[in-house]
Each structure stands twice: as C-alpha cells, then as structure tokens.
Amino acid sequence: MKFSKTAMMVVAGGMLASTLVMAQQKATSERQAQFAIDTRQAVLTLLGSNMAPLAGMLKREIPYSQELVQKNASRLVQLAHMLPDTFMVDTSEIDIETEALDGIWKNKADFDAKTQAFIEAAEALAAVSQDGNEGAVKQAIGAVGKTCGGCHDVYRAD
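About the cut-offs
Residues numbered from 1 in each chain as written. Predicted model: local features only at pLDDT ≥ 70, side-chain atom pairs only at ≥ 80, totals over all residues. Heavy atoms only, no water. Salt bridge = Lys/Arg side-chain N within 4 Å of Asp/Glu carboxyl O. Helix = DSSP H or I, 4+ residues; strand = E, 2+ residues; numbered from the N terminus. Buried < 20%, exposed > 50% of the residue type's maximum accessible area, 1.4 Å probe, protein only. Lys, Arg positive; Asp, Glu negative; His and termini not counted. Polar contact = N/O pair within 3.5 Å; in protein donor to acceptor, adjacent residues only side chain to side chain. Contact = heavy atoms within 4.5 Å.

K.L.:
Help me understand the pattern of salt bridges in this model?
P.N.:
A side chain of one charge can pair with a side chain of the opposite charge when the charged atoms of the two come close. What the rule picks out here adds up to four salt bridges. Where Asp112 meets Lys108, a salt bridge forms, and the shortest distance between an N and an O atom there is 2.8 Å. One end of the pair is Asp112 and the other is Lys108, both in helix H5 (residues 108-129) and four residues apart, which spans about a single turn. Overall, Asp112 belongs to the partly exposed group, its relative accessible area being 34%. Residues joined in a network through salt bridges with shared partners are Lys26, Asp90 and Glu93.

Set out below in structure tokens:
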C-alpha cells in the first residue's frame, strides 16, 4: 500500500508530537524505542523522497524545474526542523536493529551541529530557489547533499 507524501507528513507529525513528550531521555522499553525509531525513519523517508528529485536534477537525470525545486526545498526546510526532535530519545541501549549508530548519542553535540548545518543548507536552498538561477540552485542542492553525507558517513550504518 502506498501513502501520499501528505499522508506520511501527517503521520510523522503526529508521531513527532508524541515523541516530544519523551524528549531528552533514554528509551526504557522496546516499545518506546521502536516508536522513536519509527518516528525518525518516517521523517528521514520523507526527507529522502523530497531530496531524490533534486539530486536527479543535479545529476541531469531529470529536467530542471524551478517549481519542483521550490516545492521540495520548502518541504525539506519543514522536515529539517523536525529532525532534531526525532533523535531526542536515545535508543542506543535497546536491542533493535536500526541504521542509527550509537555515536549519535555519545557525540550529541557533533550530531546536533551536523543537523544544524543541514537545516541551514535546506533554508539556503529554499531562499535561492526563489531567484530562478539554475546554477545557484544546483550549487545549493549540492550543499544540502553534502550535509546529508557528512552526517550519514559518521552516524548511519550502511
């Protein structure tokens, strides 16, 4: 069964609101950890689905579309601001398979800095997308991708 991006955002938003109740704590049960993992995976899935067409434009796999860039950049900004909240619950001590490495919570300041860099890159992309300068937009898309990779290289299992 496929869900629309809007439906996934509504689900992620609801899950995020519930996660905030558990903010800044270690998961104490498998159920709590699984909920936190599901929440962040939903947000990350939405980030990926909005980044994919932008990366496709950057690689010239799909035609450039300012309208699509603006729409997806706006979504990236919204989702980027949700991302820090999805990692507030430390799931490192619960034995559930996830791509999130324990270093996220052991090096929280670095992880938070990388998340902030992503937020700023997404905001810069959204701003430059309004001007219609394809070269500047593609440079900004590359900067967003770089922040993604910078975090994935350190904090995500392959």
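K.L.:
Help me understand the side chain of Arg40 in this model?
P.N.:
Within the secondary structure, Arg40 sits in helix H2 (residues 30-58). Asp90 provides the closest opposite charge to the buried, unpaired Arg40, separated from it by 7.4 Å. Of note is the side chain of Arg40, whose polar atom sits 2.9 Å from the side chain of Thr91. Non-local contacts of Arg40, meaning those with residues more than four positions away in its chain, are made with Thr86, Phe87, Val89, Thr91, Thr98, Ala100 and Trp105.

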